[in-house]
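# Structure at a glance
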Amino acid sequence: MPAWSYLASPATFYGFAGRLAPWFFALAAVLGAAGLYLGLFVAPTDAQQGEVYRVIFIHVPAAWMSMFLYFVMACYGGVSLTFNTRLAAMMARSIAPTGAMFTFVSLWTGSFWGRPTWGTYWVWDARLTSELVLLFLYFGFIALANAFEDPRRGDRAAALLALIGLVNLPIIYFSVQWWNTLHQGSSVNLRGTTMHKTMLAGMLLMAFSFWMYSIGTALTRVRAVIIERERRTHWVRGLAGARA
Amino acid sequence: MSHEFYLWMSYGATAIAVAAEVVLLRVRRAQALARVEEEKDLEAQD
Amino acid sequence: MSSAHVELHAPAAGSFGGGFAWAFRRDMTIAWRHPGETLLVIAFFVFVASLFPLGIGAEPELLRRIAPGVIWVCAVLATFLSLPAMFAADYADGSLEQMALSPHPMSGWVSGKIAAHWVASGVPVIALSPLIGLQYGLATDTLAILAAALALGTPVLSLLGAACTALALGARGGGTLLALLALPLFVPVLIFGAGAADAQASGLSSAPHLSLLGAGFLVACVALPPAVCAAVRIALD
């Protein structure tokens, strides 16, 4: 039997996730410590912005995560709709809160970076508006998934919503190219970067840290989701008994 | 507002958000297990 | 809701056009016989949009500046109010399941329903917008651009609204959930629609805004009906 179909049963995945999650949190902590060290103590002061540019070490990785996690969530949603599997839907539900958190952090840190540099906490330009729409898409996903008596109906409706909302991601990403917006264009892309090496390293380390953290939270949360959904089964009952 | 204020507000809010998420994870797990217990007790009474 | 009075013919073979025409005629007939929803949309739009000039008083410059945004917000909210009516009654009395069994492809009759919704809620808004705009002292060319933007944008609102309504069929938390789903998706349409009229009023070109709205309209027409069908199927399972 191929490995993934063995894992596709909630009962087996529960144990698997429980064993893996701590490693991802540990990785996140190490990478985060390294990233913060580079970002706060090693990277030089910016010529134009002074110290406040250091928000970038949270803001950009959080923004990347907000989009990436939505994409992964939508993929799990698509898988759950195509193959009618429960576990894929449970993983989508488990990713949503972390995705919403990073979207909020991206908007908040962007706001507190914008005030000293642009002079305003908020502007209705294309990128900020579509990132705000992303936050509401996450909220909508969570609300819709939990709005039905039958959790499977919630799974399917939320998965479809996630797929419909995918169109927002290219809008967020390309908005600074398509429109003359206040938000600056990307300084990091596949061709290279104009950033100072330590700044780039700090940003990448923080991005990987957030990524590992997200996997850790998703694996931890899916265990709780599995307990909730499979609470009538023998093995979950056994779990609860052992803790008493 | 000094630049330190904006840095603290940014890093601080992120730290709070991450801490809150981790705490809520534990709360959710405890609630899920409590619900299982509750249903077991209800069925035992039948 | 006496939708039962409207006959559900079942032709031997189905087509997109057949399904579209049938559903469009049916929903328009229902809207004609029970004009409550349509009148609500019109009344809301007119009353709320007219409140601002009354409240702000004789400050023509201020009114002229806020007009596109205010009129668009009223249009968005009026559309939002009329969304549940698209599927709720048919879902409740089982007509939706009946329609799903028809030989017409679902995309046909779903599109017909959405078109009927637009005619009943979007078209009155477009038609009334010049009158409302005059209350705000907008110039004729701005009124024209505003109406054009509404003409491009309100179908998109109907399409997006249909997807959200279908997703939320039978859910707890009804109106709030629908607001959470639909209003964020309406925001970009609002921004570009109001932006088009604002640009015209400032003497700039509204072409970029209108072409974006047009592009959005085309994408929505192609991509959203299948999504609405998928949502209806999920609701009927």
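Everything numeric in this text was worked out from a predicted model, so none of it was measured. (Residues numbered from 1 in each chain as written. Chains lettered and ligands numbered in written order. Predicted model: local features only at pLDDT ≥ 70, side-chain atom pairs only at ≥ 80, totals over all residues.)

### Topic: the overall build of chain A
Each helix and strand counted, chain A has nine helices and two strands in total. Written out in order from the N terminus, the α and β elements of chain A read α-α-α-α-α-α-α-β-β-α-α. Summarising its shape, the C-alpha atoms of chain A cover approximately 65 × 35 × 35 Å along the three principal directions. Within chain A, the proportion of its 244 residues that are buried is 48%. Contacts in chain A between residues at least 24 apart in sequence constitute 77% of all its contacts with a sequence separation of at least 6. (Helix = DSSP H or I, 4+ residues; strand = E, 2+ residues; numbered from the N terminus. Buried ≥ 20, exposed ≤ 12 C-beta atoms within 10 Å, placed from the backbone. Contact = placed C-beta atoms within 7 Å.)

### Re the overall build of chain B
A count of helices and strands for chain B gives one helix and zero strands. Here the C-alpha coordinates of chain B stretch approximately 65 × 15 × 5 Å along the principal axes. Evaluated residue by residue, chain B yields a buried proportion of 15% over its 46 residues.

### Digging into the packing of helix 5 (residues 126–145) of chain A against helix 7 (residues 168–178) of chain A
Residue and element names in this part refer to chain A. Relative orientation of the contacting elements helix 5 and helix 7 amounts to 160 degrees, with a least axis distance of 8 Å. Classified by the angle their axes make, helix 5 and helix 7 are roughly antiparallel. Helix 5 and helix 7 meet at a crossing whose hand is left-handed. Between helix 5 and helix 7, the residues in contact are A126, R127, S130, E131, V133, L134 and L137 and N168, I171, I172, S175 and V176, respectively. Of the residues belonging to the contact of helix 5 with helix 7, the class tally is seven nonpolar, three polar and two charged. (Axes fitted to C-alpha atoms, helices over the stretch in contact; angles between N-to-C directions. Parallel < 35°, antiparallel > 145°, perpendicular 65-115°, else oblique. Left-handed = near helix turned anticlockwise from the far one by under 90°. Nonpolar A, V, L, I, M, F, W, Y, C, P; charged D, E, K, R; others polar.)

### With respect to the interface of chain C and chain A
In this assembly, 17 residues from chain C lie in contact with 17 residues from chain A. Here the element with the most residues in the side of chain C that touches chain A is helix 8 (residues 174–201) of chain C; it accounts for seven residues. Its residues assigned to classes, the side of chain C that touches chain A comprises 15 nonpolar, one polar and one charged.

### Focus on the arrangement of the chains
In this assembly two pairs of chains touch, with chains A and B having more contacts than any other pair. Considering only C-alpha positions, the minimal separation of the non-contacting chain B and chain C is 21 Å.

### Quick notes on the nonpolar core
For soluble globular proteins, the rule of thumb is that nonpolar side chains tend to be buried together. Ranked by internal contacts, the top residues of the largest apolar core, which has 158 residues, are L144 of chain A together with L160, A163, L167 and A231 of chain C. Excluding anything up to four places from it in sequence, A163 of chain C contacts I164 of chain A together with L224, A227, V228 and A231 of chain C. (Core = buried A, V, L, I, M, F, W, Y, C linked by C-beta atoms within 7 Å.)

### Description of the environment of A21 of chain C
Residue placement: A21 of chain C occurs in helix 1 (residues 16–33). Distance from A21 of chain C to G112 of chain C, taken between C-alpha atoms, is 6.3 Å for residues 91 residues apart in sequence.

### Observations regarding the packing of helix 3 (residues 60–82) of chain C against helix 7 (residues 140–167) of chain C
Residue and element names in this part refer to chain C. In contact at an axis separation of 10 Å, helix 3 and helix 7 are set at 30 degrees when each is read in the N-to-C sense. It follows that helix 3 is roughly parallel to helix 7 by the angle criterion. Between helix 3 and helix 7 the crossing geometry is right-handed. Contact residues: helix 3 offers P68, I71, A75, V76, T79 and F80, while helix 7 offers L146, L150, T154, L157, S158 and G161. Of the residues belonging to the contact of helix 3 with helix 7, the class tally is eight nonpolar, four polar and no charged.

### Section: the interface of chain B and chain A
When the parts of a complex come together, some accessible area is lost, and that lost area is often used as the size of the interface. Between chain B and chain A, the residue contacts involve 20 residues of the former and 29 residues of the latter. Among the residues forming the side of chain B that touches chain A, the class breakdown is ten nonpolar, three polar and seven charged.

### Some thoughts on the confidence of the model for chain A
Atomic detail in the predicted coordinates should be set aside for any region of low pLDDT. The predicted model of chain A averages 90 in pLDDT, with 92% of residues at 70 or higher. Model confidence for chain A, summarised as mean pLDDT per element, is weakest for helix 1 (residues 3–7) of chain A at 63 and strongest for helix 3 (residues 56–83) of chain A at 96. (pLDDT = per-residue confidence, 0-100.)

### A short note on unusual backbone geometry
Residue and element names in this part refer to chain A. Phi at N84 is positive, roughly 55 degrees, even though this residue is not glycine. In this fold, N84 is placed in the loop between helix 3 and helix 4 (86–118). Residue classification places N84 among the exposed positions, given that 12 C-beta atoms sit within 10 Å.

### Some words on helix 2 (residues 10–42) of chain A
Residues and elements named next belong to chain A. Taking 1.5 Å as the rise per residue, helix 2 with 33 residues should run 48 Å; its terminal C-alpha atoms sit 45 Å apart, in good agreement. Residue L20 marks the point of greatest curvature in helix 2, where the axis turns by about 30 degrees; the proline P22 follows within four residues. All buried positions along helix 2 are accounted for by P10, Y14, A17, A21, A28, L31, G35, L38 and G39. At its buried positions, helix 2 is contacted by helix 3, helix 4 and helix 8 (197–229). (Expected span 1.5 Å × (residues − 1). Bend = angle between axes of the 7 residues up to and from the residue.)

### A short note on the environment of A182 of chain C
With respect to the helices and strands, the residue A182 of chain C is situated in helix 8. Every residue in contact with A182 of chain C, bar those within four places of it in the chain, is listed here: F80, L83, L160, G161 and C164 of chain C.

### Quick word on helix 8 of chain A
With 33 residues, helix 8 of chain A should cover 48 Å at 1.5 Å per step; its first-to-last C-alpha distance of 47 Å lies within 8% of that length. By the criterion of burial, helix 8 of chain A is predominantly enclosed, with 25 of the 33 residues buried.

### A word on the environment of A207 of chain C
Residues and elements named next belong to chain C. Here A207 shows up in helix 9 (residues 207–236). A207 sits in the exposed class, given 12 other C-beta atoms within 10 Å. When the C-alpha positions of A207 and I145 are compared, they lie 9.6 Å apart, and in sequence the two are 62 residues distant.

### Examining the confidence of the model for chain B
Taken over all residues, the pLDDT of chain B has a mean of 92, while the share at 70 or more is 100%. The ipTM for the predicted assembly is 0.92, set against a pTM of 0.90.

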